[in-house]
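What the coordinates show
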2 protein chains.
Amino acid sequence: MVRRISGQEDTAGHLKRLGDAVRAARNARGLSQEELADAAGIDRSHLGKIERGERNVTLLNVIRIATALNGSAAGLLSEAGL
Amino acid sequence: MVRRISGQEDTAGHLKRLGDAVRAARNARGLSQEELADAAGIDRSHLGKIERGERNVTLLNVIRIATALNGSAAGLLSEAGL
C-alpha cells in the first residue's frame, strides 16, 4: 500500500523516523502525547499523526516539538538519523 | 508589519534563519537557485520563498534540499542554529 503524505509520498520512511524519534524522546521524558502537545502548542491528534509518520510536519512544528522536549530541531533530526 | 507564514507567524525568525543557511550552502557550492531547485525536485519559485523565509517549509522538502546540497537535514538545521 502506498500511503500519501500531504500530497507527497514518504517512500524513504523519513517521516516515520522523525515520528519514532519524537515518541522516544517524549517517553524518555515521561510525557504523555497530550502533555507534549500542550507544551508544544499543537493539537494532540496532529501530534499523534506526526509520531506515526502520517504528516509531512512543518519546520515550525518540528521546532515547537523539539523546544517542548528541551532540545533543538537539529538535535531531534539527528536522533532520527535525518 | 506582521508577515503571516502559511497561517503561522514566524515571530522568532526561524524560517529566515533556515533560508539564510540554505542560500549560504547553495552559494558555497556555486549553485544557482534553479540548479538547486532542479536537484531537489522542488519548484524554483518555492525555493526562492524558502530562502527568503516566506514559507513554513515541510520536513520532506528540508530533506530534499539538504540532500541536493550533499548534506543532512540535521546538518542544515544545525548550520541555521535551529
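Residues numbered from 1 in each chain as written. Chains lettered and ligands numbered in written order. Predicted model: local features only at pLDDT ≥ 70, side-chain atom pairs only at ≥ 80, totals over all residues. Heavy atoms only, no water.

1. Considerations on the relation of the copies chain B and chain A
Of the two same-sequence chains, chain B is brought onto chain A (RMSD 0.0 Å, axial shift 0.0 Å) by a rotation of 180°. Expressed as an axis order, the relation between the two copies is that of a two-fold axis. Interface residue correspondence from chain B to chain A reaches 100%, placing this contact among same-surface, isologous pairings. (Least-squares fit on C-alpha atoms with pLDDT ≥ 70 in both. Contact = heavy atoms within 4.5 Å.)

2. Let's talk about the interface of chain B and chain A
Listed by partner, the interface residues are 20 residues for chain B and 20 residues for chain A. Roughly 1,600 Å² of surface becomes buried between chain B and chain A when both sides are summed, with 70% attributable to carbon and sulfur atoms. Where the side of chain B that touches chain A is concerned, the elements lending two or more residues are strand S2 (8-9), helix H1 (14-28), helix H4 (59-68) and helix H5 (73-79) of chain B. Broken down by element, the side of chain B that touches chain A gets its largest block of residues, five residues, from H4(B). (Buried area = accessible area lost by both parts, 1.4 Å probe. Helix = DSSP H or I, 4+ residues; strand = E, 2+ residues; numbered from the N terminus.)

3. Focus: the packing of helix H2 (residues 33-40) of chain B against H4(B)
Residues and elements named next belong to chain B. The contact between H2 and H4 brings their axes to 8 Å, and the two run at 115°. It follows from the interaxial angle that H2 and H4 lie roughly perpendicular. Pair H2 / H4 crosses with right-handed handedness. Residue-level inspection shows Leu-36, Ala-39 and Ala-40 of H2 in contact with H4, the latter providing Arg-64, Ile-65 and Ala-68. (Axes fitted to C-alpha atoms, helices over the stretch in contact; angles between N-to-C directions. Parallel < 35°, antiparallel > 145°, perpendicular 65-115°, else oblique. Left-handed = near helix turned anticlockwise from the far one by under 90°.)

4. Digging into the side chain of Arg26(A)
Here Arg26(A) lies in helix H1 (residues 14-28). Residue class for Arg26(A) comes out buried when judged on its relative accessible area of 8%. (Buried < 20%, exposed > 50% of the residue type's maximum accessible area, 1.4 Å probe, protein only.)

5. Remarks on the environment of Ala24(B)
For Ala24(B), the location among the structural elements is in helix H1. A sequence separation of 27 residues divides Ala24(B) from Glu51(B), and the C-alpha atoms of the two residues are 9.5 Å apart.

6. Quick notes on the nonpolar core
Counting residues in each nonpolar core, the largest one holds 52 residues, and the members touching the most others are Leu18(A), Ile65(A), Leu77(A), Leu18(B), Ile65(B) and Leu77(B). Ignoring anything within four residues of it in the chain, the contact list for Leu77(B) reads Leu59(A), Ala73(A), Ala74(A), Leu77(A), Leu18(B), Val62(B) and Leu82(B). (Core = buried A, V, L, I, M, F, W, Y, C linked by side-chain atoms within 4.5 Å.)

7. Digging into the confidence of the model for chain A
With 90% of its residues at a pLDDT of 70 or more, chain A has an overall mean of 91. Interface confidence for the predicted complex, given as ipTM, is 0.88, next to a pTM of 0.89. (pLDDT = per-residue confidence, 0-100.)

8. Thoughts on the pattern of salt bridges
For side chains bearing opposite charge, pairing can occur when the charged atoms are close. Residues and elements named next belong to chain A. Taken as a whole, this structure holds 10 salt bridges over all chains when the rule is applied. We note a salt bridge from Arg-23 to Asp-20, for which the minimum N-O separation is 3.6 Å. Of this pair, Arg-23 and Asp-20 are both found in helix H1, three residues apart, which corresponds to roughly one turn of the helix. Exposure remark for Asp-20: the relative accessible area of 33% places this residue in the partly exposed category. Among the ionic contacts, a cluster of salt bridges with common partners joins Lys-16, Asp-20, Arg-23, Arg-26 and Glu-51. (Salt bridge = Lys/Arg side-chain N within 4 Å of Asp/Glu carboxyl O.)

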